[in-house]
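A closer look at the structure
Here is what each chain is made of, one letter per residue.
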Amino acid sequence: MEQVLNSIGNYLGLLFILLCLGLILYYFFSDGNQPKINLRDIQAFRHLRREVDLAVEAGKRLHISLGRGSINELQGGAAFIGLTILDRSARAASNSDRPPMATAGDGVLTILSQDTLQSTYRSLGTEQRYDPTNARMTGLNPLAYAAGAMPIIHDEYVSANFFTGHLGTEIALLTEAGERSGSLTVAGSDSLHAQAVLFTTSDEPLLGEELYAAGAYLGAGPAHIASLRSQDLLRWVLIGAIVIGAIIKLLGFLN
Amino acid sequence: MKKILPTSNAIIAVISGLLVLLGYFFPGVFGNIQSVLIGWAIILAAFALLLGIYNLALVHWKKAGAGGTNGINSIVLLVSLGITIIAASLSGPTGSLSVWIFNNFQVPVEISLLAVLAVVLVYAAARLLTRRPKWSTILFLVTVLIVLLGSVPLFFLGEVAPLVALRGWVTQVPAVAGGRGLLLGVALGTVATGIRILMGVDRPYGG
């Protein structure tokens, strides 16, 4: 078995990606015939949706933190989820006096967040509402980013903060700023250290893969639901593989 | 033009993404083009950094113009930015002036923030029981206490062997298992996000 694994080792990653792609396409086309897909309740997204509505009524704004992960690296994946959330929030709060604000700790992410806001407003026919200073770079290292984003939470009439992307333990300073300003904090990260801190400090922590379900829960389209369903299936496959591997190891078939 | 650009952006992004991805699996065929594309991305990222700094300066220029306490903070930031750029231009990024600014301004400020961070975390842990009174919270706090007590010698007792052993087991077995579970979820999410971008469904580039 090991020889077989070694021989296909170089292509295992590619096979896995093709498997993911196949599953997403399968669910995308098969779910199209179903009237509605029921997703399990995640309190954080329920509260976030409610907060978007309240922010519009109260004349407040949402703050979406994209973290400081570079898209040239692995950490960029979580930041892309933040861009999806920014798009959905800008659409939902299109009638609000105060549009959503995005902060990032990376130059590329800042430009992408500006681009996301601009294209969202363009698609809604309200491009005149676009202001490039609503997407800001606040600092380039962890603590500088946190120090730059904290005044925004305090001073920019923020009703809810969504922290997503690659952040470290410095996220505690941001969630504390949210707590002091009386705004809701929904937060998820790809970093284990940040997740441990978020469990303690955030109103609504998103652990593990929950962050990556944001698009499906915020109505970003059938492709997001299809990818969520494929992730669920693949997770069970991985759990099965781990359990079988552990049993085989326990029985002494593998050294 | 406005209708053509999003489509052409998407085509360029999807093809570039596919070529870079294939470069990892077939380095002999796609390795060279992958290197070229990544090189371009790094150059663009450097320019994006400059634009980010311009964005930062623009935001604080507007705030400084608005006046008030925040205006003063923004003026301090703009002056500091200007001085740092001049110093780094004169002596280079690792020159004496740049290092002096780093050691005497940035390091003390970051250490102060780290100290605040430690207090914030202790305060948040103490507040956790009132914020989220669940069994999982109690388990979390008990685990934190065990790991802390097992990590340091205690007054009059020194190192307590059972606590040290328990700490070792907690950090090496359940913590590692939980951490790996979370990382697997993150990895699956990242792969799915990448595939959606390669499919052209998610277009974070204004497409």
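Residues numbered from 1 in each chain as written. Chains lettered and ligands numbered in written order. Predicted model: local features only at pLDDT ≥ 70, side-chain atom pairs only at ≥ 80, totals over all residues.

On to the overall build of chain A. Within chain A, the secondary structure is distributed over 10 helices and 6 strands. Taken across its 255 residues, chain A has 52% of its residues classed as buried. When contacts within chain A are restricted to residue pairs at least 6 apart in sequence, long-range pairs at least 24 apart make up 70% of them. (Helix = DSSP H or I, 4+ residues; strand = E, 2+ residues; numbered from the N terminus. Buried ≥ 20, exposed ≤ 12 C-beta atoms within 10 Å, placed from the backbone. Contact = placed C-beta atoms within 7 Å.)

Within chain B, the regular secondary structure consists of 7 helices and 0 strands. For 207 residues, the compact-globule estimate of 2.2 N^0.38 gives 17 Å, and chain B exceeds it by more than 25% at 26 Å. Each of the three principal axes of chain B carries a C-alpha extent, and together these read 75 × 50 × 35 Å. Looking at chain B alone, contacts between residues at least 24 apart form 25% of all its contacts between residues at least 6 apart. (Rg over C-alpha atoms; globule rule 2.2 N^0.38 Å.)

For the rest of this paragraph, the subject is the domain arrangement of chain B. As far as domains go, chain B holds domain 1 (1-91), domain 2 (93-127) and domain 3 (132-201). Inter-centroid distance (C-alpha atoms) of domain 2 of chain B to domain 3 of chain B is 26 Å. (Domains from an automatic or database assignment.)

Core analysis: the biggest nonpolar cluster contains 78 residues, and A:Ile24, A:Ala160, A:Phe162, A:Ile171, A:Leu174, A:Val186 and A:Ala214 have the highest contact counts within it. Non-local contacts of A:Phe162, meaning those with residues more than four positions away in its chain, are made with A:Leu48, A:Leu62, A:Ile64, A:Ser65, A:Ile85 and A:Val186. (Core = buried A, V, L, I, M, F, W, Y, C linked by C-beta atoms within 7 Å.)

This brings us to the packing of helix H5 (residues 107-123) of chain A against helix H2 (residues 27-66) of chain B. The description of two helices packed together rests on the angle between their axes and the distance between the axes. Put simply, H5(A) and H2(B) touch, their axes get as near as 7 Å, and they point 70 degrees apart. In terms of axis orientation, H5(A) runs roughly perpendicular to H2(B). Contacts between H5(A) and H2(B) involve A:Gly107, A:Val108, A:Thr110 and A:Ile111 from the first element and B:Ala45, B:Ala48, B:Leu49, B:Leu51, B:Gly52 and B:Asn55 from the second. Here the contact of H5(A) with H2(B) is built from residues that sort into 6 nonpolar, 4 polar and no charged. (Axes fitted to C-alpha atoms, helices over the stretch in contact; angles between N-to-C directions. Parallel < 35°, antiparallel > 145°, perpendicular 65-115°, else oblique. Nonpolar A, V, L, I, M, F, W, Y, C, P; charged D, E, K, R; others polar.)

Time to look at the pairing of strand S1 (residues 61-67) of chain A. Residues and elements named next belong to chain A. Most of S1 is tucked away, with 7 of its 7 residues classed as buried. With burial as the criterion, each face of S1 is covered, one bearing Arg 61, His 63, Ser 65 and Gly 67 and the other bearing Leu 62, Ile 64 and Leu 66. The pairing of S1 with strand S4 (residues 158-166) spans 6 bridges and is parallel. Across the sheet, residue Ile 64 finds its bridge partner in S4, namely Phe 162. Bridge count between S1 and strand S2 (residues 101-104): 3 bridges; the pairing is parallel. Its bridge partner being in S2, His 63 is matched across the sheet by Met 101. (Pairing = 2+ DSSP bridges.)

Interface size is often expressed as the accessible area that is lost when the parts come together. Across the contact, 56 residues belong to chain A and 46 residues belong to chain B. Take the side of chain A that touches chain B: its biggest share by element is 9 residues, from H5(A). When grouped by side-chain class, the residues that make up the side of chain A that touches chain B number 29 nonpolar, 19 polar and 8 charged.

Residues and elements named next belong to chain A. With 30 residues, helix H10 (residues 222-251) ought to run about 44 Å at 1.5 Å a step, and its terminal C-alpha atoms sit 44 Å apart, in line with that. Of all the positions in H10, only Ala 223, His 224, Ile 225, Ala 226, Ser 227, Leu 228, Arg 229, Ser 230 and Gln 231 are classed as buried. Positive phi appears at Gly 252, one or two residues downstream of H10, with a value of about 85 degrees. (Expected span 1.5 Å × (residues − 1).)

Successive side chains on a regular strand alternate, one facing one side of the sheet and the next facing the other. All names here are of chain A. Among the 9 residues that make up S4, 9 are buried, leaving the element largely enclosed by the rest of the structure. Across 4 bridges, the pairing between S4 and strand S5 (residues 184-188) is parallel. Considered in S5, the bridge of Phe 162 is made with Val 186. With helix H7 (residues 171-180) bridging S4 and the parallel S5, this β-α-β connection has right-handed handedness. (Right-handed = clockwise from strand over helix to strand, strands pointing away.)

Okay, the confidence of the model for chain A next. Summarising the model, chain A shows a mean pLDDT of 88, and 94% of its residues fall at 70 or more. Within chain A, S2(A) carries the highest mean pLDDT (94), whereas helix H1 (residues 2-7) of chain A carries the lowest (62). (pLDDT = per-residue confidence, 0-100.)

The next point concerns the environment of B:Val152. All names here are of chain B. Relative to the helices and strands, Val 152 resides in the loop between helix H5 (135-151) and helix H6 (161-172). Classification of Val 152 by C-beta neighbours within 10 Å gives exposed; the count is 9. Note: C-alpha distance between Val 152 and Gln 106 (46 residues apart in sequence) is 31 Å.

Despite not being glycine, A:Tyr157 shows a phi value in the positive range, around 55 degrees. Inspection of the secondary structure puts A:Tyr157 in the loop between helix H6 (142-155) and S4.

Residue and element names in this part refer to chain A. Each assigned domain of chain A is listed with its residue range as follows: domain 1 (43-220) and domain 2 (222-255). Between domain 1 and domain 2, the residue contacts involve 6 residues of the former and 4 residues of the latter. Of the residues assigned to the side of domain 1 that touches domain 2, the class counts are 4 nonpolar, 1 polar and 1 charged.

Another aspect to go through is the sheet that holds strand S6 (residues 204-206) of chain A. Residues and elements named next belong to chain A. Taken in spatial order, the 6 strands of this open sheet run S3-S2-S1-S4-S5-S6, and their pairing is parallel. With one partner strand each, in any of the chains shown, strand S3 (135-137) and S6 form the two edges of the open sheet. Across this sheet, the average inter-strand angle for adjacent strands is 15 degrees, counted without regard to direction. With respect to the sheet, helix H3 (residues 43-58) is in contact with S1, S4, S5 and S6, its orientation differing from that of S4 by roughly 135 degrees.

Residues and elements named next belong to chain B. Within the secondary structure, Ala 165 sits in helix H6. On the basis of neighbour counts, which here come to 11 C-beta atoms within 10 Å, the residue Ala 165 falls in the exposed class. Spatially, the C-alpha atom of Ala 165 lies 29 Å from that of Leu 117, the residues being 48 residues apart in sequence.

One way to put it is that H10(A) packs onto helix H7 (residues 174-198) of chain B with a least axis distance of 10 Å and a crossing angle of 145 degrees. Classified by chirality, the crossing of H7(B) by H10(A) is right-handed. Of the residues in H7(B), those in contact with A:Ala223, A:Ser227, A:Ser230, A:Gln231, A:Leu234, A:Arg235 and A:Leu238 of H10(A) are B:Leu184, B:Gly185, B:Leu188, B:Gly189, B:Ala192, B:Ile195 and B:Arg196. Class assignment of the residues belonging to the contact of H10(A) with H7(B) gives a composition of 7 nonpolar, 5 polar and 2 charged. (Left-handed = near helix turned anticlockwise from the far one by under 90°.)

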